[in-house]
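Listed below, chain by chain, are the residues.
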Amino acid sequence: MFEKIYEWAFSVGVKIKEKDEKLLRALIFDIRGEETPGRFLEKLSNKLAEYRTNRNIALDVSINSEIVREKWHGDKFYYMKAAILTGFMNALSK
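Everything quoted here is computed from the prediction, not taken from an experiment.

Quick notes on the rules
Residues numbered from 1 in each chain as written. Predicted model: local features only at pLDDT ≥ 70, side-chain atom pairs only at ≥ 80, totals over all residues. Heavy atoms only, no water. Helix = DSSP H or I, 4+ residues; strand = E, 2+ residues; numbered from the N terminus. Rg over C-alpha atoms; globule rule 2.2 N^0.38 Å. Buried < 20%, exposed > 50% of the residue type's maximum accessible area, 1.4 Å probe, protein only. Areas by Shrake-Rupley, 256 points an atom, 1.4 Å probe, with all protein chains shown as cover. Lys, Arg positive; Asp, Glu negative; His and termini not counted. Charge placed at Lys NZ, Arg CZ, Asp CG, Glu CD.

K.L.:
Which residues make up the overall build of the protein, and what are the values?
P.N.:
Along the protein, the regular secondary structure elements total 5 helices and 0 strands. When the helices and strands of the protein are placed in sequence order, the string is α-α-α-α-α. On C-alpha atoms alone, the protein measures out to a radius of gyration of 12 Å, which is about the 12 Å that the 2.2 N^0.38 rule sets for 94 residues. Counting only residues that meet the buried cut, the protein has 37% of its 94 residues in that class. Surface summary for the protein: the accessible area is close to 5,800 Å², and the carbon and sulfur share equals 51%. Side chains of the protein give 17 positive and 14 negative charges; the mean places of these two sets differ by 3 Å.

Below you can see the structure in the form of structure tokens.
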């Protein structure tokens, strides 16, 4: 499951970076400090929605449905967060 989340984050990160590297850096900066699943997912989904709906950006990105469906408690949340951040960071360094 975490491999799929990583692959999703990497592919979304690449799309965002192709548009503007600053957008990807802003996304990583906004979500990295969140320590609870609810706030992390809220910031992630809000930022992706902003990238999708903003006319100046207009990226075709959305949150992975597995991330929203799953219950994230304890270590499982930190593994998910690490998979997402790693995917974004690898896309940034690609």
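Still to come is the rest of the account.
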